[in-house]
Structures are given as structure tokens and as C-alpha cells.
Amino acid sequence: MHLAQLNIAHLRAPIDGPELATFVELLEPINALADAAPGFVWRLQESEDDPTATVVHDYGDHLLVNFSVWESIDAVWTFVYRSAHLGVLRRRREWFLRIAEPYTVMWWVPEGHIPTLAEAMRRLEHLRAHGPGPEAFTFQEPYDSSEAANLPAAAEARK
């Protein structure tokens, strides 16, 4: 099993505004760091040619999404908290509004399966509605991949 993760953020200003210029400058090096990180599998990208392009979606113009797949919880945790990403994470209040409800979710997917953004948003809604469980969880309350491997969603993805 691999670990899918989604985190969302509400931008304080339009992505092309001067308030977010520093954040946009950091996108290319942080995305390159993620791409080269041990255990990284895949991330949703708007453009292969523009490393600063943010994902265009139907969930609102000021909603930034970061969606990726990793080999393990340890791999994504190490990238988030033990790399240069942590410095950017610590500055998030400069660029993003506070969100009172969960804004990040993880779940296990069969190796080789790339989930859709719609599935990721459903997982986030599930977490918000039902709390953490094998179907949708966080770093604070993780679930082992063996708990998710027998869920109907995992069986469906293997088909």
C-alpha cells in the first residue's frame, strides 16, 4: 500500500498578487525537493513545464491544493518536518487563512493507484464528518496500511 495525502489552504490573496510573491517563488524549489525525496511517488501538477503553476480545480479560486502519493507515512513525515519544507510550513500564516476544520487528510491506496482530486476531497469531507479512521486520517491519528487494505475502497481500486 502507498499513502495518499491531500492538504488544502485558503489563500489570503490571489495567487498572482504581490502578497503571495514569496510563496510562489518557493514553489519550484520545494516541489523539486518533494519530487527528489525518498519515498515520493507522485504529485498532482497543473503543468509539467511551469513548476510554479498551481492546480486549477472547481473547489474555489482561493483554495490551494497539494495532493501527492508516498511510499509510507514516514516518508511524507520526513519530507514535511525534516526538510526545508518545514521552513515554508512555519510561514504559512503569511500566505494562508486559518481553517477551523481539518485541512489535511491521508489514506492508503494500493501501490500503483493514483487517486483523483475528487476522491481526495471526499476523503477530507469524510474526515471532517466522521473523524479519523482507516478511510481518512491525519499524522496525529494515523492508521496502519493493514487496516485499510481490506476496506471496500481499497478492493475497488485494485480492480
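Just so it is clear, the structure is predicted and the values come from calculations on it, not from any experiment.

### Digging into the pairing of strand β5 (residues 104-109)
Point 1. With respect to burial, β5 is a largely interior element, five of its six residues being buried.
Point 2. In the sheet, strand β1 (residues 2-11) pairs with β5 via six bridges, with the strands oriented antiparallel. If you follow leucine 3 over to β5, its bridge partner there is tryptophan 108.

### Re helix α5 (residues 117-130)
Point 1. End to end, α5 covers 20 Å across 14 residues, agreeing with the expected 20 Å (1.5 Å per residue, within 8%).
Point 2. All of the buried residues along α5 are Leu117, Glu119, Ala120, Met121, Arg123, Leu124 and Leu127.
Point 3. Glycine 131 occupies a position one or two residues after α5 and carries a positive phi of about 80°.

### Considering the packing of aromatic side chains
Point 1. Throughout the structure, instances matching the rule amount to eleven aromatic pairs.
Point 2. When the centroid spacing of 6.1 Å and the interplanar angle of 25° are considered together, the rings of phenylalanine 67 and tryptophan 107 count as stacked. One end of the pair, phenylalanine 67, is in strand β3 (residues 63-70); the other, tryptophan 107, is in strand β5, with 40 residues separating them in the sequence. Tryptophan 107 matches phenylalanine 67 in its accessibility class, with the two residues each being buried.

### Digging into the nonpolar core
Point 1. If you look at the biggest cluster of nonpolar residues, it comprises 25 residues, and the most contacted ones within it are Leu3, Phe23, Trp70, Phe79 and Phe96.
Point 2. Contributing elements (two or more residues each) for this core: β1, α1 (21-36), β3, α2 (73-81) and β5.
Point 3. Counting 18 residues, the second largest nonpolar core, distinct from the first, contains Ile8, Leu63, Val105 and Ala120.

### Here we look at the pattern of salt bridges
Point 1. Under the criterion given, the structure shown has five salt bridges.
Point 2. Between arginine 91 and glutamate 94 there is a salt bridge; the shortest N-O distance is 2.9 Å.
Point 3. Through salt bridges with shared partners, a single ionic network connects Glu101, Glu125 and Arg128.

### Things to note about α1
Point 1. Here α1 spans 24 Å end to end across 16 residues, near enough to the 22 Å set by a 1.5 Å rise per residue.
Point 2. The largest bend in α1 is about 35°, located at leucine 27, with the proline proline 29 one to four residues further on.
Point 3. Looking at α1, one finds that the buried residues are Phe23, Val24, Leu27, Ile30, Asn31 and Ala34.
Point 4. Buried residues belonging to α1 abut β2 (40-43), β3, α2, α3 (85-90), α4 (92-95) and β4 (96-97).

### Overview of the environment of proline 38
Point 1. Looking at the element boundaries, proline 38 is found in the loop between α1 and β2.
Point 2. Separated by 41 residues in sequence, proline 38 and phenylalanine 79 place their C-alpha atoms 8.3 Å apart.
Point 3. In this structure, proline 38 is in contact with Trp70 and Ala75, ignoring residues within four places of it in sequence.

### Overview of the side chain of glutamate 119
Point 1. Secondary-structure assignment places glutamate 119 in helix α5.
Point 2. Residue glutamate 119 is classed as buried on the basis of its relative accessible area of 15%.
Point 3. Residues within four places of glutamate 119 in sequence aside, it is in contact with Trp107 and His113.

### Describing the side chain of threonine 138
Point 1. Checked against the element boundaries, threonine 138 lands in the loop between α5 and α6 (145-148).
Point 2. With relative accessibility at 12%, the residue threonine 138 sits in the buried group.
Point 3. Engagement of the side chain of threonine 138 in a polar contact is seen with the side chain of glutamine 140, the distance being 3.2 Å.
Point 4. Setting aside its immediate chain neighbours within four residues, threonine 138 contacts Thr104, Met106 and Leu127.

The rules behind each value
Residues numbered from 1 in each chain as written. Predicted model: local features only at pLDDT ≥ 70, side-chain atom pairs only at ≥ 80, totals over all residues. Heavy atoms only, no water. Buried < 20%, exposed > 50% of the residue type's maximum accessible area, 1.4 Å probe, protein only. Helix = DSSP H or I, 4+ residues; strand = E, 2+ residues; numbered from the N terminus. Pairing = 2+ DSSP bridges. Expected span 1.5 Å × (residues − 1). Phe/Tyr/Trp six-rings, centres within 6.5 Å; stacked < 30°, edge-to-face > 60°. Core = buried A, V, L, I, M, F, W, Y, C linked by side-chain atoms within 4.5 Å. Salt bridge = Lys/Arg side-chain N within 4 Å of Asp/Glu carboxyl O. Bend = angle between axes of the 7 residues up to and from the residue. Contact = heavy atoms within 4.5 Å. Polar contact = N/O pair within 3.5 Å; in protein donor to acceptor, adjacent residues only side chain to side chain.

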